[in-house]
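Residues per chain, in single letters:
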4 protein chains.
Amino acid sequence: MGFLSGSDTGRSLDSTLPDNSHRPRCRELGIEIGIFPPGEYNAITDVAGVKVGHSTIWRGEGKLVIGEGPVRTGVTVILPHDSNTIKNPLEAASYVFNGAGTTTSLACVDEYGLLETPILLTNTLSVGTAYNALVRYIVENYIEGPDDRGWFAPVVGETYDGFLNDIHGLHVRVEHVYEAIKAASSGPVAEGAVGAGTGVRTCNFKAGIGTSSRVVKLESSEFTIGVLVQSNVPGTLVVDGVPVGKELGVVDRELRSSQQGSIMGIIATDLPLDSRQLKRLAARCTLGMARTGVSGSHGSGDFFIAFSTTYRSGTSQGQELFYRPHRIKDENFLTPAFAATADAVEEAILNSIFKAVTVVGRDGNTVSELDLEKTLEIMRKYGRIE
Amino acid sequence: MGFLSGSDTGRSLDSTLPDNSHRPRCRELGIEIGIFPPGEYNAITDVAGVKVGHSTIWRGEGKLVIGEGPVRTGVTVILPHDSNTIKNPLEAASYVFNGAGTTTSLACVDEYGLLETPILLTNTLSVGTAYNALVRYIVENYIEGPDDRGWFAPVVGETYDGFLNDIHGLHVRVEHVYEAIKAASSGPVAEGAVGAGTGVRTCNFKAGIGTSSRVVKLESSEFTIGVLVQSNVPGTLVVDGVPVGKELGVVDRELRSSQQGSIMGIIATDLPLDSRQLKRLAARCTLGMARTGVSGSHGSGDFFIAFSTTYRSGTSQGQELFYRPHRIKDENFLTPAFAATADAVEEAILNSIFKAVTVVGRDGNTVSELDLEKTLEIMRKYGRIE
Amino acid sequence: MGFLSGSDTGRSLDSTLPDNSHRPRCRELGIEIGIFPPGEYNAITDVAGVKVGHSTIWRGEGKLVIGEGPVRTGVTVILPHDSNTIKNPLEAASYVFNGAGTTTSLACVDEYGLLETPILLTNTLSVGTAYNALVRYIVENYIEGPDDRGWFAPVVGETYDGFLNDIHGLHVRVEHVYEAIKAASSGPVAEGAVGAGTGVRTCNFKAGIGTSSRVVKLESSEFTIGVLVQSNVPGTLVVDGVPVGKELGVVDRELRSSQQGSIMGIIATDLPLDSRQLKRLAARCTLGMARTGVSGSHGSGDFFIAFSTTYRSGTSQGQELFYRPHRIKDENFLTPAFAATADAVEEAILNSIFKAVTVVGRDGNTVSELDLEKTLEIMRKYGRIE
Amino acid sequence: MGFLSGSDTGRSLDSTLPDNSHRPRCRELGIEIGIFPPGEYNAITDVAGVKVGHSTIWRGEGKLVIGEGPVRTGVTVILPHDSNTIKNPLEAASYVFNGAGTTTSLACVDEYGLLETPILLTNTLSVGTAYNALVRYIVENYIEGPDDRGWFAPVVGETYDGFLNDIHGLHVRVEHVYEAIKAASSGPVAEGAVGAGTGVRTCNFKAGIGTSSRVVKLESSEFTIGVLVQSNVPGTLVVDGVPVGKELGVVDRELRSSQQGSIMGIIATDLPLDSRQLKRLAARCTLGMARTGVSGSHGSGDFFIAFSTTYRSGTSQGQELFYRPHRIKDENFLTPAFAATADAVEEAILNSIFKAVTVVGRDGNTVSELDLEKTLEIMRKYGRIE
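Summary of the structure given here. Since the structure is predicted, the reported quantities are computational estimates derived from the model, not experimental observations.

Considerations on the overall build of chain A
Item 1. The helix and strand inventory of chain A stands at eight helices and 16 strands.
Item 2. For 386 residues, the compact-globule estimate of 2.2 N^0.38 gives 21 Å, and chain A sits close to it at 20 Å.
Item 3. The buried share among the 386 residues of chain A stands at 73%.
Item 4. Within chain A, contacts between residues at least 6 apart in sequence are counted, and of these 81% link residues at least 24 apart.
Item 5. Counting only carbon and sulfur atoms, one obtains 48% of the accessible surface of chain A, whose full area is about 10900 Å².
Item 6. Put simply, chain A has 35 plus and 45 minus side-chain charges, and the middle of one group is 3 Å from the middle of the other.

Written out as structure tokens, the structure reads:
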């Protein structure tokens, strides 16, 4: 099998991960995107039932040997709920702004309007391994025998992390996926250089995983929209309208070369939306992304997946032909949800940067963290904070 | 036929149109979007061969009587070139961000990858009349007999102008389309409350037609991308990242009600791009739109059409089965073109507002112009201009 | 305005329409497509509430003078129900197999998942007039004042009939649309060379309007799927698998030249399906179409629109944010509905041919009817009927 | 890791594969679909440069133990050419008729209009392993170092073979993919129960891999279109219009239950077509599929991928910004290519059945071969052959 059949142990780490606890989220610095309030944790996990888990793979320093490392990658899982997703799928849809990448099974998500598995994020070349791991996990945990479901549509997304990571070395193992699933929890979500965000960058700053949420009130009811991004997208950073990247002299190299990047955005909501409506919600992620200064680069695969935790509830009970979901009568009511989704994506991308520390990767390649002190100065100069 | 069969004369005007010559374009105020230089006129007409014409229909004041007025509407035409578009179609594609509207023949534009007719813009309910007029124009001018082309795909787009205009009165006539075509010219383009932009608004300010262009350099060659918008889109205005709408207290009513709006964006380029590539260019319009503060409203039909003036040149000559277009080898080279398109759309939307004067329409409904003095103050406060 | 501003009176006919009462539908000849039973009339009107109306325009003989005729065209309307479609839209979706044509507002049908107007069919170049007429009809009948709905999405489809008809003469008038709407009724549907089918052909035989329906049983409930086609599609006719066209020596000229054609298919059902599911239903029209021998010609615009009469019932009552449609739990149950849709389309296309008589049109151009005696002989030879 | 971590050796076979040399292809029996002649081998390999390889995995009999077997599955690879596909990608596009499955990277194929890797086919749950193997193959063979291409878009398709195969056991290994690639050759292609077709069925007959080709003449030039299918699609078999399935009493169980199936169709051509045009070609596969009697089942993922071997030739040479492909001037010329594609797909599906022998799989589940004697009798009865 050649140089790729090395003896990775499956241990994720041989060193202490960098500590990012000193770095605040953007809202803690007074940067609040949009007019809707966030949920309790300002995270995708504010949508009841949703859990997030990471497995971070960080090994080695210095010169790259393909198959040996250094490794700066990982896996992030979004569990839409705790129970069997095959038996209890969720209404879902995808929106692809720029298809320069691979997220598996989106044709099925859109054809059936449902999400049948947890969502995995990892690096571009490890999609196959993650897919295989997700299949194994489902077979081992949900399938009751050979005549039970013989196929389902695993959703695995990716972005490229090869500037820091030995991406050609294929260091993600089935075990890492299991580890991420096992680690999944509700409540606060680790952000920055963690899990599938370990090796990525955005607007030439170190970035990674980011999350945010919004609470929208339709008539007298409150609903939550939660977003998680694996943010690896090229551009010149804009923070709440302020040209921070330009001020810092960190501008879009995409306009000159073919640096690679992408964004994966996952949107969860307890709004009872059908697949068509969720696709519309997912489309609005593009608006939030645009406001952070991205250039719409050729090579940036921009994939968004939205699911509703409430629309299909009840479908697994009873023998009736029909179920009766709650469904919005007048879709004009969705406009606030659309706006809130865009805002949450914008803030999630900012969080992915604000929470990320400098990482030195393969061949000494370094992606620097955003200097928050200087950012605050710039925000002040531009009249945004005091 | 009832109350709609009134005796409109086909004259467009019974009063002097408002003068907007005192209002500068945004770049004249020092607001420059992005890093690429504009073309000579900073207009879609900077792409060689492209012409724009308007017919403005402005009649009556006061209380609305459906079919009588007041009328605040019109027609704008984009001619891709001077000759027979049926015989010399252009490579083209569309991108629909939110399909809440009607632009005719986009399925054909995308299936064939071509634009076979001039593009018309008008109000929502007058699409049929404009379509009919465009067919007549082509039959009368291009069709050489009954066995000549028996069908083609007229492209007519629209936005809603019924807050100011007696839209139900269907005041656009075939003559107005002919008038707009006849008026089409290269060089500077009238912006603001003119043509199809007469009755529209954006972010609750009077808006209308806006245009902008960019010159991008790929290797040693320069190419031009020109944009024209009929800008009627809801949101809270952001000018180059500065929350001008919020500062002025003019915020997005879309988030509370079902006010209607939309945007039509036409992109012309002399880059030799095929239909798939043009669709990618058109998609980037969403990014520019997002940066002006739109909310992604349910009811905002956001339609973009891109065409190349150079890709099919030569197809009408000779009897060969094949022609040989120039085609970009490495699409990474398109990233600057993508970024420039987004920038030009953003600036075109701003121009549609900057150049628009206050209009009082049906039932005294008024849409106020953006106060440019105050806008400049805000821009200064936010550190954007001196 | 030139030669198109002639003095058409709006009268549809100056001669007696050809009688097709002697021609049976295909099922009357023992040709039964598929395994599901048809509804009472084997027509789209078997879906409760659906009505169909035609206006046939037939004038002149001999040499064509553009604007004078001869005229062989018309309008067909499908009313989804009797009441205000703006206030009571229906869940809907479209599927475009080959976008070589113009059906208006499909982007909105798919974005909103609804049908807000009756559906009109006419000839290709009269789409604008039909659109305008439909807008007028809605304004005059449904709009309650200037602040009522200021925009909606009229659905007008077309096929090309210029081999028989003076299509460039634009003979469809607003009055014809009103006439078709007024004529709409439930029960049996006129087929063949009538309404929008007057001038069309399929597989080089005279064709026109055709309809069929199927009743499918899901668990203990019966549901109806009704189809109407304007069938103008090129190919070599196949009848229930038998190569009738080849046997008759009437083969596909599309394979050699650029003869034009298209098909419009309208699918109505009382199955409570959402837009995504209706799109899947509409897609299956392609299967039925394929079985009649079509070649998938470059120039054949193949557009399908499906709507459900039951999914949105109740949405206009009450002030609640939500309604609660019945929704299929397990979409595997839709497979019979998919198969039945394909079968009904196949039979509707056959009916459009079986019921059509020979028509002589402009310049003496003639499209001959299918010889049913010979067809039966061929069917016997191929072991299909006794 | 539980029961899935068994000790598969990677050997594909522990028994002799069934011999199908006695079974003719449908054309050898006088069944010729359509009017265009096939290429030399009537196979996808008639397109110069295209190779096909199989790895068949066949192990065990009797009662299924998940992870142990019996195994009836495999891998099929389509190599578009012999050289580095990353450096020499091909113009490509996909068309998904029913998205009930997972073919990886189609968003990228369509966004970029290119195919960057060989195409793999396997069973549904082994997509991840095949993807991973394809990545490894490319890294080991094409990637020249860490700064060479860090991402690409591997295309892996699948259908479900779990009625015969221990699909949950995940028996495909990286080695099988390498074996299939190594085995790839031009010339005749093994059909039936081989490679990715080992465990599949169509219209309730044993089926598998099938192939066919057509030569079309445009003006004076000849071009080849080749098709390969992994045919696993539910329906009631129709052979060249004759209801063979119905006559044999083998009817579509899909209409009653949720039996699973799918079809993958790969189309290769030396026509110089761009991505949009290739998508149109791929769409016509639906027509050929429809004619074999498929029901358009809910669970049948119907995915088609088309690529051109000539359109991008020359792109890897030279430093120029542009290349100059040959491009069809008048797409009406493509109608014969569209028709030929549909015909070739129909014949390839028939070949997948005609060449497949009865297979007994897990738990004694048996899928019987089509009785060719009886089929010929039926064809005679229906007047098709003598």
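Here the narrative resumes.
Concerning the sheet that holds strand β5 (residues 119-123) of chain B
Residue and element names in this part refer to chain B.
Item 1. The mixed open sheet is built from four strands, whose spatial order is β1-β2-β5-β6. Strands with a single pairing partner mark the edges of an open sheet, and in this sheet they are β1 (51-59) and β6 (155-159). Sheet twist, expressed as the mean angle between neighbouring strand axes with direction ignored, is 15°.
Item 2. Sheet topology places β5 next to β6; five bridges connect them, and they run parallel. If you follow L120 over to β6, its bridge partner there is V156.
Item 3. Sitting on the sheet, helix α2 (residues 127-141) touches β5 and β6, and the angle it makes with β6 is about 155°.
Item 4. Contacts from helix α3 (residues 174-183) reach β1, β2 (71-79) and β5, with the element oriented near 140° to β1.

Here we look at the relation of the copies chain A and chain B
Item 1. For the pair chain A and chain B, the relating rotation is 180°, the translation along its axis is 0.0 Å, and the fit reaches an RMSD of 0.0 Å. What the rotation and shift describe, once combined, is the action of a two-fold rotation axis. Residue G241(A), judged by its C-alpha, is the member of chain A lying nearest the rotation axis, at 1.8 Å.
Item 2. The fraction of interface residues of chain A whose copies in chain B are also interface residues reaches 100%, indicating that both copies meet through the same surface.

Some points on helix α8 (residues 372-381) of chain D
All names here are of chain D.
Item 1. By the burial criterion, the buried members of α8 are L372, T375, L376, I378 and M379. One face of α8 carries all of its buried residues, which in axial projection span an arc of 160°. Looking at α8, the residues exposed on the side facing more than 90 degrees away from the buried face are E373 and E377.
Item 2. If you follow the buried residues of α8, they end up packed against α4 (244-247) and α7 (335-354).
Item 3. Sitting at the amino-terminal end of α8 is D371, which places a side-chain oxygen 3.0 Å from the backbone nitrogen of E373.
Item 4. In the stretch just after α8, G383 is the one whose phi turns positive, near 70°.

What about the interface of chain A and chain B?
Item 1. In this assembly, 37 residues from chain A lie in contact with 37 residues from chain B.
Item 2. In total, chain A and chain B occlude about 3000 Å² of area from one another, counting both sides; carbon and sulfur atoms represent 55% of this.
Item 3. For the side of chain A that touches chain B, the per-class residue count stands at 16 nonpolar, twelve polar and nine charged.

Structural notes on the pairing of β6(B)
All names here are of chain B.
Item 1. Counting buried residues along β6, five of its five residues qualify, which places the element largely inside the surrounding structure.
Item 2. Burial of β6 is two-sided: the residues V155, G157 and T159 facing one way and the residues V156 and E158 facing the other way are all buried.
Item 3. At this point the chain moves from β5, through α2, to the parallel β6, and the crossover so formed is right-handed.

Observations regarding the packing of aromatic side chains
Item 1. This model, assessed by the stated rule, comprises 20 aromatic pairs over all chains.
Item 2. Relative to F223(C), the ring of F322(A) has its centre 6.2 Å away and its plane inclined at 80°; by these criteria the two rings are edge-to-face. With one member in each of two chains, F322(A) in strand β13 (residues 322-323) and F223(C) in strand β10 (residues 221-232) form a pair that bridges those chains.
Item 3. F322(A) sits in the buried class, given a relative accessible area of 18%.
Item 4. Given the relative accessible area of 8%, F223(C) is considered buried.
Item 5. For the pair Y112(D) and W151(D), a centre-to-centre distance of 6.0 Å together with 45° between the ring planes defines the contact as tilted. Placement of Y112(D) in helix α1 (residues 106-112) and of W151(D) in the loop between α2 (127-141) and β6 (155-159) is noted, with a sequence separation of 39 residues between them. Neither Y112(D) nor W151(D) differs from the other in exposure class; each is buried.
Item 6. The cationic tip of R284(B) hangs over the ring face of F338(B); the distance from NZ or CZ to the ring centre is 4.1 Å.
Item 7. The ring centre of F163(D) lies 4.2 Å from the NZ or CZ of R201(D), which sits over that ring.

Brief notes about the interface of chain C and chain B
Item 1. Of the residues lining the interface, 54 residues belong to chain C; the matching set on chain B comes to 54 residues.
Item 2. Put simply, chain C and chain B have two salt bridges between them.
Item 3. For the salt bridge of R362(B) with D147(C), the shortest nitrogen-to-oxygen distance reads 2.9 Å.
Item 4. Applying the counting rule to chain C against chain B returns 14 residue pairs in polar contact (both at pLDDT 80 or more).
Item 5. Element by element, the count of residues in the side of chain C that touches chain B is highest for helix α2 (residues 127-141) of chain C, at nine residues.
Item 6. Among the residues making up the side of chain C that touches chain B, the classes are represented as 27 nonpolar, 18 polar and nine charged.

So, α7(D)
Item 1. The terminal C-alpha atoms of α7(D), which comprises 20 residues, lie 29 Å apart, in line with the 28 Å expected from a rise of 1.5 Å per residue.
Item 2. In terms of residue burial, α7(D) counts as a mostly covered element, since 20 of its 20 residues are buried.

So, the relation of the copies chain C and chain B
Item 1. The transform that puts chain C on chain B rotates by 180° and translates by 0.0 Å along the axis, for an RMSD of 0.0 Å.
Item 2. Most of the interface of chain C is mirrored in chain B, where 100% of its interface residues again form contacts.

Remarks on unusual backbone geometry
Residues and elements named next belong to chain A.
Item 1. The omega torsion across G69 and P70 is 5°, close enough to zero to call that bond cis.
Item 2. Here P70 shows up in the loop between β1 (51-59) and β2 (71-79).
Item 3. A positive phi angle, near 55°, is found at C203, a position not held by glycine.
Item 4. Along the chain, C203 turns up in the loop between β7 (201-202) and β8 (205-206).

Thoughts on the packing of helix α5 (residues 275-283) of chain A against helix α7 (residues 335-354) of chain A
The packing of two helices is summarised by the inter-axis angle and the distance between the axes.
All names here are of chain A.
Item 1. Direction vectors running N to C along α5 and α7 enclose 45°, while the axes themselves pass 8 Å from each other. In this view, α5 runs oblique relative to α7, as classed from their interaxial angle. Every residue of α7 that contacts α5 at Q277, R280 and L281 is listed here: A337, F338 and T341.
Item 2. Partitioning the contact of α5 with α7 into residue classes produces three nonpolar, two polar and one charged.

Criteria and thresholds
- Residues numbered from 1 in each chain as written.
- Chains lettered and ligands numbered in written order.
- Predicted model: local features only at pLDDT ≥ 70, side-chain atom pairs only at ≥ 80, totals over all residues.
- Heavy atoms only, no water.
- Helix = DSSP H or I, 4+ residues; strand = E, 2+ residues; numbered from the N terminus.
- Rg over C-alpha atoms; globule rule 2.2 N^0.38 Å.
- Buried < 20%, exposed > 50% of the residue type's maximum accessible area, 1.4 Å probe, protein only.
- Contact = heavy atoms within 4.5 Å.
- Areas by Shrake-Rupley, 256 points an atom, 1.4 Å probe, with all protein chains shown as cover.
- Lys, Arg positive; Asp, Glu negative; His and termini not counted.
- Charge placed at Lys NZ, Arg CZ, Asp CG, Glu CD.
- Pairing = 2+ DSSP bridges.
- Axes fitted to C-alpha atoms, helices over the stretch in contact; angles between N-to-C directions.
- Least-squares fit on C-alpha atoms with pLDDT ≥ 70 in both.
- Arc of directions from axis to C-beta.
- Polar contact = N/O pair within 3.5 Å; in protein donor to acceptor, adjacent residues only side chain to side chain.
- Buried area = accessible area lost by both parts, 1.4 Å probe.
- Nonpolar A, V, L, I, M, F, W, Y, C, P; charged D, E, K, R; others polar.
- Right-handed = clockwise from strand over helix to strand, strands pointing away.
- Phe/Tyr/Trp six-rings, centres within 6.5 Å; stacked < 30°, edge-to-face > 60°.
- Lys NZ or Arg CZ within 6 Å of the ring centre and 35° of its normal.
- Salt bridge = Lys/Arg side-chain N within 4 Å of Asp/Glu carboxyl O.
- Expected span 1.5 Å × (residues − 1).
- Parallel < 35°, antiparallel > 145°, perpendicular 65-115°, else oblique.

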